[in-house]
Structure formats: C-alpha cells, structure tokens
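Each chain, letter by letter, is given below.
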Amino acid sequence: MLNFIQGGVCAAQGFRAAGVHVGVKTHAAWKKDVALIVSDVDCAAAAVFTRNVVKAAPIHVDMAHLADGKARAVIANSGNANACAPRGEENAERMCAAAAKAIGCEAGDVLVSSTGVIGQTLNIAAIEAGVPALYEALEASAEASDAAAHAIMTTDTEKKEAAVETVLGGKTVRLGGIAKGSGMIHPNMGTMLCFLTTDCAISPAMIKTALLETVSVSFNRISVDGDTSTNDSCVVLANGLAGNEPITAKGPDYERFLEALRALCVELARKMASDGEGAKHLITCAVSGAKSEASAETIAKSVISSTLTKAAIFGADANWGRVLCAMGYSGEKFDPEKVDVRFASAAGEIAVCEQGRGLDFDEAKAKKILTEHDVEIRVSMGEGEGRCTCWGCDITYDYIKINGDYRT
C-alpha cells in the first residue's frame, strides 16, 4: 500500500532538517538562504547531476564525496549558484567542512548544493558564521522540512515538498523530499535541486539504480523554458532505520521501493512544472498509441517544450495545430493522419483534431477548458501501445520580466 503522508525530508526515521537566513541573500534578510539535512547515522547515498558541460563547483565536490556511495548530510544555499565563480570548489569544500564540524562527521560525508546567480563569489564567511545556528535549529519535524524547503527557493513562488510511505517485508518504509525549480528547467536530468531521504535499508548500488530509473520518468519529463542549469542535482540518502531486509538486488521489495520513489519524484516534478517562472498553467501532455514508450516520450517532450504551444495555452487558445507542429519536428516518425488531439481540464474535455484533420468544435467550451490552471493535451497516435506523460507550463509576460533583470 502506497500512501502520501506529511513530513517532507523529515518523514523518514532518523532525519532532521533546518533552514535559516545567514546573509547570502543580502537583499531579503527575512528569507531563509541555507538548508541542512542530517541523518542520525551514515547513509547509502547516490546522486544524479546536470548534463550541462558547465558544472557548478558543488557538483564536482559531490562527485568526489560520493565515490564511496555514502553520506551523512546535505548543506545547500540559495542566492548564489557558486558556478563559474572565484574559489568555487574551495568555498564548496568549506561549506562541507563547516557542516561536518557542527555535526561531528567527516567533511567527505557531507554533500553540498548551491542555487542562484552564476559567476559571483559566494559569501562563504556568512555561511560559516551561520552554520552553528543552522545546526542548533535541526529538528525531526514537518516544520523543519518546511524551513529547509523554503531555504533553497530562488524564483520559486511556493515550496516543493512531499513524502510517501509503503510496506516492505512487514516494515513501514518512508520516503520524503524537498525540491526547488522554477526557471532554467528542461528535461536533461531535470533542472533543479532535489533532496530525497528514506529510512529504507538498501545498498549504495541499488539506491543508485533506483534513482537513475526514477529520474528518467520524472524530472527528465518536465520543461519550463528549455534551459538546462549548471547546478542540477538530485540527491538521495537512505539510512536503513526502517529495519526492512536490506535491498541488495532487484526483486519484489526493490520494485515496491521503486514504485514509492517514482511516486514521490513525479509529485515533486509536477510541482516544479506548475510553478514555472511566471506560469499561470500546468500543462500535461499525455501521449498514447505510439510505437514505443521512447517514441511517446520524445513526442510529449516536444509538445511541452514548444514555445508556441505554451503561448497558446497562456492565451486559452485551442490552437491544436501548434501541437501537431511540435510533434512533427520532434524527430520521431509517425503518420500524421492517424493522430487525434483532445484538450481536457476540470472544466471538461473537447476533441479538436481527428485523423490529422481539424474538427468543428465549440470555441467557447474550448476556451473555458483551457482557462483552468491544470490543462491536459491528450494525443492518440494510433500506431502501437507506447505511452508517456510529460509536464510543462505556459509562457507569460512575467517570465520575461523575471529573467530580464534576474541579476539586478
């Protein structure tokens, strides 16, 4: 039985979190800007990072710290990406060292992430000075997870947090996560920071396998603006305190754990797409009847990434031609004369294209459907059993405003 629960990164046994303001964000002293997540015991750990050739300093540090497949904590700041910045790796290591000193562990057992403006020197002195208070604020509570979730936000308008529980071998296993992501979001790992915790007993090799399988069907299926960040990181810590039989190979317990991890990450991915910079709509593109799942994914990604489709949804314009156009340049081969398109939302559903040809439809009804916050584009290919769902958002005037003066 899989259930969504409260608690975020503190839902699993043995995890504490905190988020405070230390001064990285100098323009907003009331905003939290550093988060800390700590396990009571060592964890099996894994991460997936950006495919951007230009990688932020924390990613290089994390790659080294994860060489043994273990970690104890994560420290993360917002307000500065520590990417392409002077003394970047040195400052990332100093963040780890400061956290490790407070926790009482090795610096190599601490992972680090940063998000914010690229190219500016990180105020490491403020972080080091603030770590003792950050450590003292640690709690194993929903409120603590909330504080950590807010501390990693940049242009996000709301926190991204979720938790689930399942049963493995008679033991209740919990997984939780917090994430940030609003701009520079495009399927290619998933442009964001995401920190996942679980009390499941699972080997480093299998938690890495599970994370890779999960990222491909969650964070890699969202897009806001087509930009892949320098700082993308998705980290998972598993401390084993649930007491289940350790998962060391694929089997029924692994599949149940994977189901829970996927549900958690899809929920966080949807929250990121919904909160795209300036967005007014969450766009879901569900493709069915494709030749394969891979084909369906390529087509769905192309639709949610289409600037013209995004603009049409912003204007509540049932311009289904833009959907077919995006499908056509996706790189996938298909027969356009087998394609059906429907728009749907809480206000209803309407068919706009059948067998590749436009239908006469009620424009007023279509506009009402597309005025809802959550809008779905349903595409039927008529060529096979492949299906895939991807998520994106509309593009608005506010997106330009937000990014036109992002640094200043």
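Given the structure is predicted, the values throughout are model-derived calculations rather than measurements.

Draft legend 1. Representation of the sheet that holds strand 14 (residues 357-358) in the model. Spatial strand order, 9-16-11-15-12-13-14: seven strands in an open sheet with mixed pairing. In the strand order of this sheet, the two ends are held by strand 9 (222-223) and strand 14, each with one partner. Taken together, the two bridges between strand 13 (residues 348-354) and strand 14 define a ladder with antiparallel strand orientation. Its bridge partner being in strand 14, Glu354 is matched across the sheet by Arg357.

Draft legend 2. Quick look at the packing of helix 1 (residues 57-65) against helix 2 (residues 88-103). In the contact formed by helix 1 and helix 2, the axes pass within 8 Å of each other and the chain directions differ by 55°. It follows that helix 1 is oblique to helix 2 by the angle criterion. Between helix 1 and helix 2 lies a crossing whose hand is right-handed. Along its contact with helix 1, which presents Ala57, Pro58, His60, Val61 and His65, the element helix 2 presents Gly88, Glu89, Ala92, Glu93 and Cys96. Considered class by class, the residues forming the contact of helix 1 with helix 2 number five nonpolar, three polar and two charged.

Draft legend 3. Highlighting empty space enclosed by the protein. Inspection of the entire model under this criterion finds one cavity of 30 Å³ or more. Roughly 30 Å³ of internal volume is contained in the largest cavity. In this structure, the largest cavity is lined by Thr309, Ala312, Ile313, Asp317, Asn319, Val323 and Phe343. In terms of residue count, helix 8 (residues 307-314) provides more of the lining of the largest cavity than any other element does, three residues in total. Grouping the constituent residues of the lining of the largest cavity by class yields four nonpolar, two polar and one charged.

Draft legend 4. Representation of the pairing of strand 5 (residues 110-115) within the structure. Taking burial as the measure, the six residues of strand 5 include six buried ones, the bulk of the element. Side chains Val110, Val112 and Ser114 project from strand 5 onto one buried face, and the interleaved Leu111, Ser113 and Thr115 project onto a second face that is buried too. The sheet contact formed by strand 4 (residues 70-78) and strand 5 spans six bridges and is parallel. The partner of Val74 across the bridge, within strand 5, is Leu111. With helix 2 bridging strand 4 and the parallel strand 5, this β-α-β connection has right-handed handedness.

Draft legend 5. Spotlight on the side chain of Asp62. Looking at where Asp62 falls in the secondary structure, it is placed in helix 1. No salt bridge is formed by the buried Asp62; the nearest opposite charge belongs to Lys208, separated by 11 Å. A distance of 2.8 Å separates a polar atom in the side chain of Asp62 from the backbone nitrogen of Val112. Residues in contact with Asp62, not counting those within four places in the same chain, are Phe49, Leu111, Val112 and Ser113.

Draft legend 6. Seen up close, the packing of helix 8 against helix 9 (residues 321-328). Running from amino to carboxyl end, helix 8 crosses helix 9 at an angle of 160°, the nearest separation of the two axes being 9 Å. Regarding the angle of helix 8 to helix 9, the classification is roughly antiparallel. The crossing of helix 8 and helix 9 is left-handed. Here Leu308, Thr309, Ala311 and Ala312 of helix 8 lie close against helix 9, whose contacting residues are Arg322, Val323 and Ala326.

Draft legend 7. The environment of Ala97, seen in detail. Among the structural elements, Ala97 can be located in helix 2. Given a relative accessible area of 36%, Ala97 falls into the partly exposed group. Separated by 12 residues in sequence, Ala97 and Asp109 have C-alpha atoms that sit 9.6 Å apart.

Draft legend 8. A look at the pattern of salt bridges. A complete count under the given rule lists 18 salt bridges for this structure. Put simply, Arg94 and Glu90 hold a salt bridge, and the shortest N to O gap is 3.9 Å. Taken together, the residues span about one helical turn, with Arg94 and Glu90 both in helix 2 at a distance of four residues. Linked by salt bridges that have partners in common, Arg221, Glu293, Glu297 and Lys301 make up one network.

Draft legend 9. Representation of unusual backbone geometry. Despite not being glycine, Cys84 shows a phi value in the positive range, around 55°. Topologically, Cys84 is positioned in the loop between strand 4 and helix 2. Cys84 gets classed as exposed once you look at its relative accessible area, which sits at 55%. Although it is not a glycine, Arg87 adopts a positive phi angle of roughly 55°. On the secondary structure map, Arg87 appears in the loop between strand 4 and helix 2.

Draft legend 10. Expanded view of the nonpolar core. Core analysis: the largest hydrophobic core is formed by 39 residues, its most contacted members being Leu196, Phe219 and Phe257. Those elements that provide at least two residues to this core are strand 3 (34-49), strand 6 (160-168), strand 7 (171-180), strand 8 (193-198), helix 5 (204-215), strand 10 (233-238) and helix 6 (252-274). Ranked by residues supplied to this core, first place goes to helix 6 with 11 residues. Ignoring anything within four residues of it in the chain, the contact list for Phe257 reads Leu168, Leu175, Thr198, Cys200, Ile202, Ile207, Ala210 and Ile247. One finds Ile299, Ile304, Phe343 and Leu370 within the second-largest nonpolar core, a separate group that totals 34 residues.

Draft legend 11. Geometry of the side chain of Asn244. Following the sequence through the fold, Asn244 ends up in the loop between strand 10 and helix 6. Of the polar contacts made by the side chain of Asn244, one reaches the backbone nitrogen of Ala201; its length is 2.8 Å. Not counting the four nearest positions on each side in its chain, Asn244 is found in contact with Leu168, Lys171, Val173, Asp199, Cys200 and Ala201.

Scoring rules and cut-offs
Residues numbered from 1 in each chain as written. Predicted model: local features only at pLDDT ≥ 70, side-chain atom pairs only at ≥ 80, totals over all residues. Heavy atoms only, no water. Pairing = 2+ DSSP bridges. Helix = DSSP H or I, 4+ residues; strand = E, 2+ residues; numbered from the N terminus. Axes fitted to C-alpha atoms, helices over the stretch in contact; angles between N-to-C directions. Parallel < 35°, antiparallel > 145°, perpendicular 65-115°, else oblique. Left-handed = near helix turned anticlockwise from the far one by under 90°. Contact = heavy atoms within 4.5 Å. Nonpolar A, V, L, I, M, F, W, Y, C, P; charged D, E, K, R; others polar. 1 Å grid on protein atoms, 1.4 Å probe; cavity = no way out; pocket = protein on both sides within 12 Å on 5 of 7 lines; lining within 4 Å. Points joined across faces, edges and corners; volume = space filled by probe spheres on them. Buried < 20%, exposed > 50% of the residue type's maximum accessible area, 1.4 Å probe, protein only. Right-handed = clockwise from strand over helix to strand, strands pointing away. Lys, Arg positive; Asp, Glu negative; His and termini not counted. Salt bridge = Lys/Arg side-chain N within 4 Å of Asp/Glu carboxyl O. Polar contact = N/O pair within 3.5 Å; in protein donor to acceptor, adjacent residues only side chain to side chain. Core = buried A, V, L, I, M, F, W, Y, C linked by side-chain atoms within 4.5 Å.

No statement about biological role is implied by the geometric values presented.
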